[in-house]
Amino acid sequence: MDVPAGNRRGLSDYYPHLMPSVGFGKSSSRVYRCRSETKRYITSPRVAETLVRILRGKRKSCQLFLECNPGPGILTRALLESGAKVIALESDKTFIPQLKSLGKKVNGRLEVVYCDFFKLDPRSRGLLTPPIMTSDMLFQYLGIEAQPWSKGAPLKAIGILPPKNERNALWKLLHDLYSCTSVYKYGRVELNLFITEKECRKIMANPQNPGLYQALSVLCQIACGIKLLHTESCLSFGTYTANGQLAKQKHRESLEQNLCFIQLTPHKDLFTGTLTPFNYDVFFHMLRQCFMKRGAKLIDHLHSLSPIDAMHILKQIKKSKDVKVIDMYPEDFQHLFETIECYKDDNYKWLYDDFMEDVII
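Computed from a predicted structure; not experimentally measured.

Engineer: Please explain the overall build of the protein chain as it appears in this structure.
Structural biologist: The helix and strand tally for the protein chain stands at 14 helices and 10 strands. By the burial criterion, 55% of the 361 residues in the protein chain qualify as buried. The contacts of the protein chain with a sequence gap of at least 6 include a subset with a gap of at least 24, amounting to 73%. Approximately 17200 Å² of the protein chain is accessible, and the part contributed by carbon and sulfur atoms is 49%.

Engineer: How do you make sense of the sheet that holds strand 3 (residues 85-90) when you look at a structure like this?
Structural biologist: Note: strands within a sheet are paired through backbone hydrogen bonds, in either parallel or antiparallel orientation. Across the sheet, seven strands lie side by side as 4-3-2-5-6-10-7; this open sheet has mixed pairing. At either end of the open sheet lies a strand with only one pairing partner, and these are strand 4 (110-114) and strand 7 (224-233). Looking at each pair of strands side by side, their axes are set apart by 20° on average, direction ignored. Relative to strand 3, strand 2 (residues 64-68) is paired through five bridges, and the arrangement is parallel.

Engineer: Quick question: what am I supposed to make of the UniProt feature "binding site: S-adenosyl-L-methionine" (unreviewed entry) in the protein chain here?
Structural biologist: UniProt feature "binding site: S-adenosyl-L-methionine" (unreviewed entry): in the numbering of this structure it lies at Ile42, Glu90 and Asp116. Here, the second largest cavity is lined by Ile42 out of the annotated residues. Checked against the element boundaries, Ile42 lands in strand 1 (residues 39-42). Apart from residues lying up to four places away in sequence, Ile42 is in contact with Val47, Ala48, Leu51, Pro72, Ile74, Leu75, Ile160, Phe194 and Phe237. In this structure, Asp116 sits in the loop between strand 4 and helix 5 (135-142). Residue Asp116 is classed as buried on the basis of its relative accessible area of 4%. Sequence-distant contacts of Asp116, that is, excluding residues within four places in its chain, are made with Lys39, Asn69, Ser91 and Pro131.

Engineer: Looking at this structure, I do not really get the pairing of strand 10 (residues 258-266). What am I missing?
Structural biologist: Here strand 10 lies mainly inside the structure; seven of its nine residues are buried. Note: strand 7 against strand 10, nine bridges, orientation antiparallel. If you follow Cys224 over to strand 10, its bridge partner there is Pro266.

Engineer: Whenever I open this one, the packing of aromatic side chains confuses me. Can you help?
Structural biologist: Aromatic ring pairs are described here by two measures, namely the spacing of the ring centres and the angle between the planes. If you walk through the whole model with that rule in mind, you get 14 aromatic pairs. Centroid distance Phe117 to Phe118: 5.4 Å. Interplanar angle 85°. Geometry classified as edge-to-face. Summarising the burial analysis for this pair, Phe117 and Phe118 share the class buried. Seen in terms of ring centroids, Phe194 and Phe261 are 4.7 Å apart; in terms of plane orientation they differ by 40°. Their pairing is tilted. Here Phe194 is found in strand 6 (residues 190-196), whereas its partner Phe261 is found in strand 10, with 67 residues between them in sequence. Taken together, the ring pairs in this structure connect Trp171, Tyr178, Tyr280, Phe283, Phe284, Phe337 and Trp350 into an aromatic cluster.

Engineer: When you look at empty space enclosed by the protein in this model, what are you seeing that I'm missing?
Structural biologist: Once rolled over the atoms, a probe with the size of a water molecule shows which space is left empty. Overall, the coordinates contain six cavities of 30 Å³ or more when judged by the stated rule. What the second largest cavity holds in volume is close to 100 Å³. Around the second largest cavity sit Arg40, Tyr41, Ile42, Glu67, Cys68, Asn69, Pro70, Leu75, Ile158, Gly159, Ile160 and Phe194, which together line it. When residues of the lining of the second largest cavity are traced back to their parent elements, those giving at least two are strand 1, strand 2 and strand 5 (156-160). Residue composition of the lining of the second largest cavity, grouped by class: eight nonpolar, two polar and two charged.

Parameters and conventions
Residues numbered from 1 in each chain as written. Predicted model: local features only at pLDDT ≥ 70, side-chain atom pairs only at ≥ 80, totals over all residues. Heavy atoms only, no water. Helix = DSSP H or I, 4+ residues; strand = E, 2+ residues; numbered from the N terminus. Buried < 20%, exposed > 50% of the residue type's maximum accessible area, 1.4 Å probe, protein only. Contact = heavy atoms within 4.5 Å. Areas by Shrake-Rupley, 256 points an atom, 1.4 Å probe, with all protein chains shown as cover. Pairing = 2+ DSSP bridges. Axes fitted to C-alpha atoms, helices over the stretch in contact; angles between N-to-C directions. UniProt positions renumbered as here; feature names shortened; annotations may be inferred. 1 Å grid on protein atoms, 1.4 Å probe; cavity = no way out; pocket = protein on both sides within 12 Å on 5 of 7 lines; lining within 4 Å. Phe/Tyr/Trp six-rings, centres within 6.5 Å; stacked < 30°, edge-to-face > 60°. Points joined across faces, edges and corners; volume = space filled by probe spheres on them. Nonpolar A, V, L, I, M, F, W, Y, C, P; charged D, E, K, R; others polar.

And the structure:
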């Protein structure tokens with residue numbers, strides 16, 4: 001996506017690689033080396049049939065799905081039986097032979113790759129070995145070409161967010177989406193994910209749910225259309241260790257919690273305005289700063305974010321001087337960002353200090 005050099009302005013010119021979450025950047029190398037991770041898998045044919053009915057409807061066309069960590073292949077089989085084509089990205093070698101055996105029966109409609117979708121394009125690169133790889137390596141191998149952002153989704157991805165790193169995985173996906181990197185370098189990839197009910201409520205929250213509303217909520221809703229497609233009890237899933245062994249649910253809370261199947265479709269017009277893949281980190285930082293003191297008045301944050309007169313900004317976005325951070329809807333924050341970025345009477349639109357050099361969003 002080409003953006004004129006004159007429009008590449010703001011914080012991103014100075015600090016182009018703000019990390020997507022607290023702890024994400026610092027712990028990434030440890031996470032990628034981990035061999036004791038547990039993963040949830042769809043083990044119920046009933047759940048698999050429900051998902052296929054939701055995603056496929058009455059379609060008989062050979063639709064392409066990228067299935068992330070299919071495990072025993074229950075959903076894989078149901079998708080294939082519906083006439084779909086599946087690329088199975090499995091990170092546990094234990095399940096690879098079983099999936100490849102299934103692939104021999106469907107006339108080339110199943111491709112099995114030893115890969116972990118949620119660990120594509122790690123920030124700390126070095127020498128990458130499967131299941132860790134880059135999206136370029138994966139998509140070139142699969143023969144998938146990049147599509148313009150204005151076109152539809154090149155493929156649909158299905159998966160379950162890692163139980164122990166759910167929030168970090170969400171932040172990474174958002175970072176990749178806003179920067180048009182990783183899988184989003186290839187277009188508006190649609191994600192269909194199971195996440196915990198707790199996280200689902202947070203990303204869909206707004207000022208009407210102040211206790212749940214946070215920067216993550218704003219970023220998700222500005223970037224994507226979000227649909228809650230289905231809710232299922234955790235008891236309907238199997239949890240396996242890294243060697244393919246069925247693990248017991250350890251906590252009563254996890255047994256009682258539901259998983260929500262949500263659809264995240266990147267907005268076609270996400271980058272048609274002031275927000276671009278080159279200044280998205282300014283938007284991230286602005287939200288991070290505001291939600292650090294979410295109960296405070298917005299005007300108090302504006303004094304530390306921009307040298308532009310705070311009352312003038314509030315007037316432009318049609319908000320009173322008493323408006324609080326938690327009173328601002330996602331579209332209000334987008335309007336705030338665009339107002340400051342497009343301000344013409346000042347060469348400096350954002351304040352910089354030593355804190356911002358080390359900030360991790």
